[in-house]
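# Fold and contact review
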Amino acid sequence: MQAWVSYLADVPVALLRLIAASQRVSLSRRGSRDECLLRVRRALCRPAAVRAVYFSLSAEAQAAAQMLRAEPRTLSMQAVTSRYGPLRSLAALRQDRKPRSLAELFVLAGWLLPRPASRQHPCRYVVPPEVRAWLPRPLRIDDVRCMPEASLNAAPVSPSDLLAVRAATLVLLAAAQHPVVVVRNGCPSRATLHRLRVGLLPLPALEAEALLRWVTPLLADLALLAPHGRAAVPAPAAAAWLAAPHATRVQTLVEAWMRAPRPEVALLPPRAAQSGVDWSALRRRLLAWAAYVPVTVVPDEAFVALTAAFGPLADATTHPFRTKRRPPWNRQTMREVWGRSLEGPLRWLGALRGQVEAQAVPGCWEYQAPGELRVAHAAVGPELLAVMPFAQVVGGDEAGLLLRFEQSVIARAVGRGCHLGRARAVLEQQAGSLPPAWEPLFALAGSVRVVQRTVVIGDQPQVLQDLQRYRAVHRLLETILAPGVALVHPGQEELLVAQLARLGYAAQVLPSRHESVPLPDLTPAETATLLLASQYYQATAPAHAPLGPHDALLERLRAALPAALRNATDTALAHLLATHHATTEPSATPPLDEPPPDHAAQLHRWLQALREAIQKRRVVAVLYQGVLDPYPQERVLQPVRLERHGAVWYAYAYCFLAHGERCFRLDRVWKLEVLDLTQTEEHARSLPTAPADEQGHDDSAKRGKRVPRTGFFASPPPPSEHHPLVRVWLQEEE
C-alpha cells in the first residue's frame, strides 16, 4: 500500500478530486491536499475496495483489468491509448466524469496513475503493485484436482432424493404417526433421533442425527410442524408442502435456511469467534460459492481458488456487528467453515454444481412382504399422512422408505380415533388392491373401552352392608361388585368421604399410580359451546393455523349432547358458516403481492375514479376491510395520491372516520363510489365529528382566518396547529 499511496501523492489535486468524486469519496471543498489524500487512501487502498470495484465492472472491463495485471511496471501514453482507449484532459474529465474508454475508467478508479515527467523519462503511467496483487483472479474451478473416490458420488440425483428433502419428509411422516418429542432448542430428542435415523440409511448414524437436528427447526420456521409443548405434530401447511413439486420443496428449505435466525454453531470449529456474525449473509455467501463448485472437487483446493477469485469468506459483510478492525476469522478457520459447510448443509440441500438433476424420477408405492410397503421418495405426497398413523418407518435408502404395518400399531391408532377406512382407501388407490396376506392386519378382533373408576373397599364386608342403610351413602354408590367392594359414581368421591366422616367412619384415600387433579364434568351447554367453536375453527381456519381438535374428539362431544341440543348446535353452525362465506367470498384471500382475480376487472375503473377525485378534489365512499377488521366498514375518503408497489395499488387519503391520513390497499376495497355534493353532506352528518382543538373549542374566529374548504363539500373542523395534513390537502382561500 506504500507504493500506491506514494503514486497518489504525486498526482495533481484535480485528478485526486476526480478519483474521489468518481468513487463517491466525500471530500471537503476547502480541504488541503493531505486531507484529500488521507480520505482517498482510506477509501480505495484496501483489498475489499479493489474487489468491490472489480465486481461492479462489466465483463469487458474485468477482462481488461486482468490484462492490466500482466502489464509492465510503466506504460507510455501511446501504449495506454492503443490498448485501453483514448484519454481526455483533466479539464474535459471535470466537465463530464463519465468514462468513455477503459483507460479513463482505470484512471478514475485509481488503478492507472500518471507519473510526472523527468529529464530521462517522459510522462508515463504506472499500475500500483497493490492493485496487481489485490485484483481477483479468474475462477478456474474445473482445473482444480478432483477427489479419487469422487466417481462414487458424482452422479447427479433427483430433487426428491436430496438428503434435506428426505429428512424433512421423514420428520413430517414420523410426526403424523406419533407426535415428535422436541427439546428446548427445537431439535428432536435423543430417543426420537435413534428411532428416525433408520429412514436415512445408508447414511452414517452420526451424520443422520446431525441432519435431523438441522432440518427439524427449519420445519418449525416454515410452519410445517406445529409445536405443542414438548411435542410437535404436522401443521395444515405440511400437506401443501408435500403436494408441491420437489424442486419447490428444495427451494423452500434453502430460503428457510438462509432466513433462519439461529446461529450455525455446527459449522464453526472449536475456539472460533461467534460474535458479530450475520448468519444470513454468511449462508448466502456459502450458497453463492457452492454454485461454482462441482461435486467432485477437493474442498481445500476449491477454497483456495474461490478465495483468490472472490476474496475471503469472512469480512465486514458477514461480520457487520464487530467493532474490532482486524479480520474476524483467520484463514484456517475459514477453511474449516467451508469444509464443514460442504459436508453438511450445502451437500444436503444440493447446492453444489451438477449435484441435482433437472427432472425428478417418477416413483410408486409397492407391496412387498406381508405388512411391508415400499414408497419411493418421488411418490411421497400428502396422502401418505393419512396412512402414517397405522404404520411405522423401519428402513430407508436412496430409492425410498420402507413402512411396516402391524396389528398392534393399527389397533392403537384406531383407539386414538384415526380413520382406518380412509387409510385403506389411500393404499388401494396408490398401490392397488390389498394382497390377501394383508387382510388379517386390517381385521381387528374387536374393540373395548378402558374406564377408570373409584373403588370403595371395606375392612370387613359387613361395613358396606351397614352403610347401604343410609340414603346419603346409598345414592353415592353405583353398584356392589363383591362383598365389601363397591363402585362410586364418577365425581362423587369427595362427597362420599364427607358423608362417611359425618357418620363416624374413617375413610382412607389411597393415591393412584397416576395422580391427577380431578376436573368437573362439562355441562351440556359447555359441551355444545366447545363443539360449536371447534367445528367452526376446522371449517374456517387458514392453512397456516395450528392443528385443530381431532375428528374423534368432536364425535365424542356430539354423542354427549342431547338430541335437541345437538340439532340446535348444528343449526347455529350452519348459520355461522353461511355468514362467514357471505362475508369472505367477495374478497377471497389472495397472495399479498397480487390482487384477487375478481377484483382485477374493477381495478381499472377504480383507479380512474380515484385519479379524477384527486384532480377535482372530490371525496369517495368506500367499503373497506382492514387486516384486523372482522367485517368491512364504510369510510369517506379524500384521496391524496396513488402509489403502486409490485402488483398492488395503494391509495393515500384523508379518512373522515379515523380523522387522519391513512394508506388503503385497493385489493381490500369491496366497493368504491365518488360522492356528489348532496351525498357528501349526508355522509358528513352521519360520521362523528373531529375535536376542534385540545381545549375543545374552535379559535379560528380569534385568529381572523376563515375555515378552509375542500372541493364542493362542507369542510371538516380545522386541524390543530402544525398538523401534517395542512400541507397535504388543505388550501386557504384567497
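In what follows, the accompanying structure is described. (Residues numbered from 1 in each chain as written. Predicted model: local features only at pLDDT ≥ 70, side-chain atom pairs only at ≥ 80, totals over all residues. Heavy atoms only, no water.)

With that out of the way, let us pick up the overall build of the chain. Along the backbone of the chain there are 32 helices and 18 strands. When each of the 734 residues of the chain is scored for burial, the buried share is 41%. For the chain, the proportion of contacts with a sequence separation of at least 24, taken over those separated by at least 6, is 63%. About 41500 Å² of surface is accessible on the chain, with carbon and sulfur atoms providing 55% of the total. (Helix = DSSP H or I, 4+ residues; strand = E, 2+ residues; numbered from the N terminus. Buried < 20%, exposed > 50% of the residue type's maximum accessible area, 1.4 Å probe, protein only. Contact = heavy atoms within 4.5 Å. Areas by Shrake-Rupley, 256 points an atom, 1.4 Å probe, with all protein chains shown as cover.)

This paragraph deals with the packing of aromatic side chains. By the definition in use, this model includes 16 aromatic pairs. Ring centres of F106 and W111 lie 6.2 Å apart, and the angle between their planes is 20 degrees; this geometry places the pair in the stacked category. Judged by relative accessible area, which is 2%, W111 ranks as buried. Note on Y654 and F656: the rings are 5.2 Å apart at their centroids and 85 degrees apart in plane angle, and the pair reads as edge-to-face. Taking the relative accessible area as the measure of exposure, Y654 reaches 8% and is therefore buried. Of the aromatic side chains, those joined through ring pairs into one cluster are Y54, F55, W289, Y292, F303, F310 and W338. The aromatic ring of F442 is capped on one face by R424, whose charged end is 6.0 Å from the ring centroid. In this structure, R641 is placed above the aromatic ring of Y652, and the distance from its NZ or CZ to the ring centre is 4.0 Å. (Phe/Tyr/Trp six-rings, centres within 6.5 Å; stacked < 30°, edge-to-face > 60°. Lys NZ or Arg CZ within 6 Å of the ring centre and 35° of its normal.)

Turning to the nonpolar core, a few remarks are in order. W338 and F405 are the most contacted members of the largest nonpolar core, which totals 96 residues. A per-element tally of this core places helix α11 (residues 163-177) first, with twelve residues. Discounting chain neighbours no more than four positions away, the residues touching W338 are L286, W289, A290, V293, P299, A302, F303, L306, L313 and L346. Listed in part, the 42 residues of the second largest apolar core include V11, A20, A109 and W111. (Core = buried A, V, L, I, M, F, W, Y, C linked by side-chain atoms within 4.5 Å.)

This paragraph deals with the packing of helix α1 (residues 2-10) against helix α3 (residues 33-44). The interhelical angle for the contact between α1 and α3, taken along N-to-C directions, is 140 degrees, at an axis separation of 10 Å. Between α1 and α3 lies a crossing whose hand is right-handed. Contacts between α1 and α3 involve W4, V5, L8, A9 and D10 on the former and, on the latter, R33, L37, V40, R41 and L44. Within the contact of α1 with α3, the residues separate by chemical class into seven nonpolar, no polar and three charged. (Axes fitted to C-alpha atoms, helices over the stretch in contact; angles between N-to-C directions. Left-handed = near helix turned anticlockwise from the far one by under 90°. Nonpolar A, V, L, I, M, F, W, Y, C, P; charged D, E, K, R; others polar.)

A word on α3. Look at α3: 16 Å from first C-alpha to last across twelve residues, which is about the 16 Å you get at 1.5 Å a residue. Those residues of α3 that fall on the buried side of the exposure criterion are C36, L37, V40 and L44. Axial view of α3: buried residues confined to an arc of 95 degrees, hence all on one face. Seen from the buried face of α3, the exposed residues on the opposite side, beyond 90 degrees, are D34 and R42. The inward-facing, buried residues of α3 abut α1, α2 (13-22), α4 (47-55) and α8 (102-109). (Expected span 1.5 Å × (residues − 1). Arc of directions from axis to C-beta.)

Let us look at the side chain of Q66. Summarising the element assignment, Q66 is placed in helix α5 (residues 59-69). Judged by its relative accessible area of 17%, Q66 falls in the buried class. A polar contact is formed between the side chain of Q66 and the backbone oxygen of P136, at a distance of 2.6 Å. In contact with Q66, other than residues within four places in its own chain, are Y54, P136, R137 and P138. (Polar contact = N/O pair within 3.5 Å; in protein donor to acceptor, adjacent residues only side chain to side chain.)

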